[in-house]
Amino acid sequence: MLRVKNIDLEYIDGRTKRTIFSNVSFDIHSGEFVSLLGPSGSGKSSLLYIVSLLKTPTAGEIYLDDVMISEAKNKNEIRYENFGFVFQHHFLIPHLTVLENVCTASYEKNVEKQAKDLLERLGLKDLINQKPYKLSGGERQRVAIARAVVKKPRILFADEPTASLDHHTAQEIMKIFSELQENTTIVCATHDYGILPQTARILRIKDGKVVEDETEENE
Ligand SMILES: Nc1ncnc2c1ncn2[C@@H]1O[C@H](COP(=O)(O)OP(=O)(O)OP(=O)(O)O)[C@@H](O)[C@H]1O
């Protein structure tokens, strides 16, 4: 459903040209949990932003349901209608409560009920009226996930969503992602193999290429 085709990415640094990727292609199917895995500097974030139309590659195309979207004029609209984002930093609004933060993401009439249901599911029922500063890092990130999920994106992109969390909380956050997955495709960039759920399909970024990880779980 999401096709990444022949992507090149080069950065020009003064007189030097640096190739980050060349000729990268892969498909992401509906309902998959795809992890972009690679060490720091390998290009995970760049690739995530290219695939989600937040960044323009040097060459190549992105297709959504066979429609080329990488050169569309209405990229904002495509993103708004189809994609959700969770970043390493949660970007919650400090003077709004947890519930209000989540409700900012959607203008649907029953958003408040949906937000409450989601927050309850994420174990935050008793914190809905708190401001973000009263929450732990893991709780804040769960609020950010609720905010991204409440608008029911077809594809949820997460860029190192657990980078500032301890290992146990990071695993919990990943579990939450996979549980939320019924109707959502998830694409998550991370450097930490250890936090991935068993169902994750791993695309490993190495030396400017993306290779499918053929571990037992993924065969
Ligand atoms: N705007 C830019 N101009 C020049 N080089 C850049 C730019 N953005 C990223 N890079 C370089 O491209 C490479 C890939 O960066 P990217 O942030 O995508 O990697 P990453 O795997 O997500 O790293 P990290 O896990 O540390 O965030 C890095 O070497 C980075 O320095």
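The model shown is predicted, which means the values in this text are computed figures rather than measured ones.

Each value, and the rule that gives it
Residues take numbers from 1 onward in each chain, read along the sequence in its written order. Two thresholds apply to this predicted model, a pLDDT of at least 70 for residue-level local features and 80 or more for giving and counting side-chain atom pairs, whereas whole-chain, interface and lining totals are computed over all residues. Strands here are runs of E lasting at least two residues and helices are runs of H or I lasting at least four, both read from the DSSP assignment and numbered beginning at the N terminus. Each residue is represented by a C-beta atom placed from its backbone, and any two residues with such atoms within 7 Å are regarded as in contact. Here is the check we use: build the C-beta atom from the backbone, and if it is within 6 Å of the molecule or strand, call the residue near. Amino acids are sorted into nonpolar (Ala, Val, Leu, Ile, Met, Phe, Trp, Tyr, Cys and Pro), charged (Asp, Glu, Lys and Arg) and polar (every other residue, Gly among them). Any two strands with at least two DSSP-identified bridges between them are counted as paired. In this description, a line fitted to the C-alpha atoms serves as the axis of each element, helices being fitted only across the stretch in contact, and the angle between N-to-C directions of two axes falls anywhere from 0 to 180 degrees. Note on terminology: a nonpolar core is any set of buried Ala, Val, Leu, Ile, Met, Phe, Trp, Tyr and Cys residues joined through C-beta atoms within 7 Å. Burial is judged by counting other C-beta atoms within 10 Å of a residue's own C-beta: 20 or more means buried, 12 or fewer means exposed, and anything between counts as partly exposed, with every C-beta placed from the backbone. pLDDT is a per-residue confidence score from the predictor, ranging from 0 to 100. In this analysis, the expected span of each helix is defined as 1.5 Å times one less than the number of residues it contains. What the arc describes is the spread of directions from the helix axis to the C-beta atoms.

1. Things to note about the overall build of the protein chain
Counting its secondary structure elements, the protein chain contains six helices and ten strands. C-alpha atoms of the protein chain, sized along the principal axes, occupy 50 × 40 × 40 Å. If you take every contact in the protein chain between residues at least 6 apart in sequence, the share linking residues at least 24 apart comes to 68%.

2. With respect to the site of the ligand
If you check the shell around the ligand, you find Tyr11, Asp13, Ile20, Gly38, Ser40, Gly41, Ser42, Gly43, Lys44, Ser45, Ser46 and His191 and nothing else. When residues of the shell around the ligand are traced back to their parent elements, those giving at least two are β1 (2-13) and α1 (44-51). When residues in the shell around the ligand are grouped by element, the largest group, three residues, is from α1. Across the shell around the ligand, the residue classes break down as two nonpolar, eight polar and two charged.

3. Points about the sheet that holds strand β9 (residues 201-206)
The six strands lie next to each other as β6-β7-β8-β3-β9-β10, forming an open sheet whose pairing is mixed. At either end of the open sheet lies a strand with only one pairing partner, and these are β6 (83-86) and β10 (209-212). Neighbour-to-neighbour, the strand axes of this sheet turn through a mean angle of 20°, independent of strand direction. In terms of strand pairing, β9 meets β10 through four bridges, oriented antiparallel. Paired with Lys206 across the strands is Lys209, a residue of β10. Contacting β3 (33-37), β7 (155-159), β8 (185-190) and β9, α1 crosses the sheet at an angle of about 155° to β8.

4. Overview of the nonpolar core
In globular proteins that are soluble, nonpolar side chains generally tend to be buried together. Membership of the largest hydrophobic core comes to 54 residues, with the highest contact counts inside it found for Ala146 and Val187. Here the element with the most residues in this core is helix α5 (residues 137-149); it accounts for six residues.

5. A few points about the pairing of β3
In terms of burial, β3 is a largely internal element, five of the five residues being buried. Where β3 and β8 come together, five bridges link them in parallel fashion. From the neighbouring strand, Ser35 faces β8, where its bridge partner is Cys188. Relative to β9, β3 runs parallel, the two sharing four bridges. Paired with Leu36 across the two strands is Leu203, which belongs to β9.

6. Some words on the sheet that holds β1
Within the open sheet, the four strands sit side by side as β2-β1-β4-β5. Their pairing is antiparallel. On the outer flanks of this sheet lie β2 (16-28) and β5 (67-68), each paired with one strand and no other. Taken together, the five bridges between β1 and strand β4 (residues 59-64) define a ladder with antiparallel strand orientation. Across the sheet, Lys5 pairs through a bridge with Glu61, a residue of β4. α1 contacts β1, β2 and β4 of the sheet and is inclined by roughly 125° relative to β1.

7. A short note on the confidence of the model for the protein chain
Within the protein chain, residue pLDDT values average 89, and 97% of them lie at 70 or more. Reported for the predicted complex are a pTM of 0.89 and an ipTM of 0.93.

8. Details of helix α6 (residues 167-179)
Compared with an ideal rise of 1.5 Å per residue, which puts 13 residues at 18 Å, α6 spans 18 Å between its outermost C-alpha atoms and is within 8% of the ideal. Burial in α6 covers these residues: Ala170, Ile173, Met174, Ile176 and Phe177. Buried residues along α6 cover an arc of 155° about the axis, so they all sit on one side. Exposed and oriented more than 90 degrees from the buried face of α6 are His168, Lys175 and Glu179. The secondary structure elements touched by the buried residues of α6 are β3, α5, β7 and β8.

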